[in-house]
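# Commentary on secondary and tertiary structure
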Amino acid sequence: MDERQRDLLLTAVLLGVLLTPAWLIPQPWSLVWQLVVLLLAVPALMYSWRHAPWQPTPRAELERLVALLALTPDQRFCDLGAGDGRLVLWVHAATGAHCVGIEASPLQWLVARVRLALQGGQGTEVRLGDLYEADLSEFDVLYVWGTAYSVGTPAFAEAMKAHARPGARLVSYHTPVPGWTPLVEDHEGQRPLFVYAL
């Protein structure tokens with residue numbers, strides 16, 4: 001099983017877990033729950049196949065990541081593939097920077113919206129959009145947890161050059177951007193971190 005197939009299986013398992021409450025709540029809410037999850041499952045599986053599974057950056061890596069982001073409160077940060085929004089909240093709390101998440105899957109975007117509404121406030125937001133098409137020119141620092149079949153492709157590098165602001169920095173967790181030379185390469189944690197100047 002290759003990395004992409006394994007990641008798709010991980011997403012399918014998570015969707016199965018989300019269906020569990022349907023067997024614990026009374027009708028007709030059970031049917032409504034099943035329909036909502038199934039409607040959201042198609043884009044979740046599609047974006048998992050195209051980009052990455054719903055897999056948060058490990059909590060143990062956050063301090064190392066924040067140090068490499070080197071954000072100041074007057075800067076703007078973007079988490080590309082924000083998932084449930086927890087990294088957006090954590091980076092904002094740690095740095096004071098305005099933090100935005102971009103998420104292509106409606107299921108993860110919806111979870112992130114709820115999380116930010118309950119825990120966020122000023123200085124955080126999440127947007128529904130595809131990181132290959134989003135306007136990234138407002139951001140000083142971008143972060144992505146990359147897979148070999150997304151960040152490790154020429155299409156990702158082209159999208160960053162086309163949509164990000166010159167002079168911005170990109171931090172990639174796990175996968176280097178092909179053809180780019182990192183300013184910093186950190187192998188101290190569970191997975192490597194690569195810092196690039198755009």
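Residues numbered from 1 in each chain as written. Predicted model: local features only at pLDDT ≥ 70, side-chain atom pairs only at ≥ 80, totals over all residues. Heavy atoms only, no water.

## Some words on a nonpolar patch on the surface
The line we're drawing: Patches in this entry comprise residues that are over 30% relatively accessible and not in a salt bridge; like charges within 9 Å are linked, as are nonpolar side chains (Val, Leu, Ile, Met, Phe, Trp, Tyr) within 5 Å. The Shrake-Rupley method, run with a 1.4 Å probe sphere, supplies the accessible areas, and residue values consider only the shown protein chains as cover. Whenever a carboxyl oxygen of Asp or Glu lies within 4 Å of a side-chain nitrogen of Lys or Arg, that contact is scored as a salt bridge. For the purposes of this entry, the term helix denotes a DSSP run of H or I that reaches at least four residues, the term strand denotes a run of E that reaches at least two, and both are numbered from the N terminus.
The grouping of Trp-23, Leu-24, Ile-25, Trp-29, Val-32, Trp-33 and Val-36 at the surface amounts to a nonpolar patch, some 790 Å² of accessible area in total. Its location among the elements puts Val-32 in helix α2 (residues 29–50).

## Comments concerning helix α5 (residues 106–119)
Stated precisely, the cut-off is as follows: A helix's residues, less one, multiplied by 1.5 Å, set its expected span. We call a residue buried when its accessible area falls under 20% of the maximum for its residue type, exposed when it is over 50%, and partly exposed in between, using a 1.4 Å probe and counting protein chains only. Directions pointing from the helix axis toward each C-beta atom define the arc.
For α5, spanning 14 residues, the distance from its first C-alpha to its last is 20 Å, which sits close to the expected 20 Å at 1.5 Å a residue. Here α5 has its buried residues at Leu-107, Gln-108, Ala-112 and Leu-116. For α5, the angular spread of buried residues about the axis comes to 160 degrees, placing them on one side. Set apart from the buried face of α5 by more than 90 degrees, the exposed residues are Ala-117 and Leu-118. Just past α5, the residue Gly-121 takes up positive phi, approximately 120 degrees.

## Section: the packing of helix α4 (residues 86–95) against α5
Put simply, the test is: For every element, the axis is a line fit to its C-alpha atoms; helices are fit only across the contacting stretch, and the angle between N-to-C directions ranges from 0 to 180 degrees. Contacts are residue-level and defined by heavy atoms, with any inter-residue pair within 4.5 Å sufficient. Three classes are used: nonpolar for Ala, Val, Leu, Ile, Met, Phe, Trp, Tyr, Cys and Pro, charged for Asp, Glu, Lys and Arg, and polar for all others, with Gly counted as polar.
Two elements in contact, α4 and α5, have axes separated by 9 Å at closest approach and are oriented at 35 degrees. Residues Arg-86, Val-88 and Leu-89 of α4 form the contact with α5, whose own contacting residues are Arg-115, Leu-116 and Gln-119. Split by residue class, the contact of α4 with α5 holds 3 nonpolar, 1 polar and 2 charged.

## A short note on the pattern of salt bridges
Any two side chains of opposite charge can pair, so long as their charged atoms come close to each other. According to the stated counting rule, one finds 8 salt bridges in the structure shown. In this structure, the salt-bridge partner of Glu-61 is Arg-64, at a minimum N-O distance of 2.7 Å. When its relative accessible area of 4% is taken as the criterion, Glu-61 is described as buried. With relative accessibility at 13%, the residue Arg-64 sits in the buried group. Salt-bridge contacts for Asp-140 lead to Arg-165; the nearest nitrogen and oxygen are separated by 2.7 Å. Of the two residues, Asp-140 sits in the loop between β3 (124–128) and β4 (141–145) while Arg-165 sits in the loop between α6 (154–163) and β5 (169–173), which places them 25 residues apart along the sequence. Overlapping salt bridges, with partners in common, bring together Arg-76, Glu-125, Arg-127 and Glu-138 in one network.

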